[in-house]
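Analysis of the macromolecular model
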Amino acid sequence: MIISDEKILTIITESLIEEKLIGELKKIGITGYTVEDVRGEGKKGFRGSDWDQTSNVRIQIVCDEELAIKISEYLRKNYFEKYAMFVFMFDAKVISRKE
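Now for a description of the structure that goes with this document. (Residues numbered from 1 in each chain as written. Predicted model: local features only at pLDDT ≥ 70, side-chain atom pairs only at ≥ 80, totals over all residues. Heavy atoms only, no water.)

1. Notes on the packing of aromatic side chains
So the rule is basically this: Only rings of Phe, Tyr and Trp enter the pairing, Trp through its six-membered ring, and a pair is recorded when the two centres are within 6.5 Å. The plane angle decides the type: under 30 degrees is stacked, over 60 is edge-to-face, the rest tilted. Buried residues are those whose accessible area, probed at 1.4 Å on protein chains only, stays under 20% of the maximum for their type, while exposed residues exceed 50% and partly exposed ones sit between those limits.
In this structure the tally under the stated criterion is 4 aromatic pairs. When the centroid spacing of 5.4 Å and the interplanar angle of 45 degrees are considered together, the rings of Phe-86 and Phe-88 count as tilted. Ring centres 6.3 Å apart and planes at 20 degrees place the aromatic pair Phe-88 and Phe-90 in the stacked group. A relative accessible area of 30% means that Phe-88 is categorised as partly exposed. Judged by its relative accessible area of 36%, Phe-90 falls in the partly exposed class.

Next up, the structure:
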């Protein structure tokens, strides 16, 4: 068993941009991700998950800190002003089998 230190980068944003955003994240260097439909309330008000026009998704990416910061900066420069988006990261211990 191998335990490595990684970051989990979480992006909560409008579902309408999911496909475009995933494509751009792959170009930046992600190799995998998880997407979930989510709902909640914040500065921009309540966001449900029942209508495509107003629903939100949570995209989670496990990566090293360098890639997490690179993605965060890209999102800040290209998405924060145009879309409802909340981004955060936290430490993770990733367990994988020995190869």
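2. Examining the packing of helix H1 (residues 18-28) against helix H2 (residues 65-78)
Stated formally: Axis definition: a line fit to C-alpha positions, over the contact stretch in the case of helices; interaxial angles, taken between N-to-C directions, run 0 to 180 degrees. By the criteria applied, helices consist of DSSP H or I runs no shorter than four residues and strands consist of E runs no shorter than two, each listed in order from the N terminus. Roughly parallel means an angle under 35 degrees; roughly antiparallel, over 145; roughly perpendicular, 65 to 115; everything else is oblique. Each crossing gets its handedness from the near helix: less than a right angle anticlockwise from the far helix is left-handed, clockwise is right-handed. Residue contacts are defined here by distance: any two heavy atoms, one from each residue, within 4.5 Å place the two residues in contact. Any residue outside Ala, Val, Leu, Ile, Met, Phe, Trp, Tyr, Cys, Pro, Asp, Glu, Lys and Arg is labelled polar, Gly included; the first ten of those are nonpolar and the last four are charged.
The interhelical angle for the contact between H1 and H2, taken along N-to-C directions, is 135 degrees, at an axis separation of 11 Å. In terms of their interaxial angle, H1 and H2 are classed as oblique. Like other packed secondary-structure pairs, H1 and H2 cross with a definite hand, here right-handed. Facing H1, whose interface residues are Leu-21, Glu-24, Leu-25 and Ile-28, H2 presents Leu-67, Lys-70, Ile-71, Tyr-74 and Leu-75. For the contact of H1 with H2, a count of residues per class yields 7 nonpolar, no polar and 2 charged.

3. Description of H1
Owing to its 3.6 residues per turn, the α-helix brings residues three or four apart onto one side. Filter applied, for reference: The directions from the helix axis to the C-beta atoms form the arc being described.
Within H1, burial applies to Leu-21, Ile-22, Glu-24, Leu-25 and Ile-28. Taken end-on, H1 shows its buried residues confined to a sector of 165 degrees, consistent with a single buried face. Exposed and oriented more than 90 degrees from the buried face of H1 are Glu-19 and Lys-27. One or two steps after H1, the chain reaches Gly-29, where phi turns positive at roughly 140 degrees.

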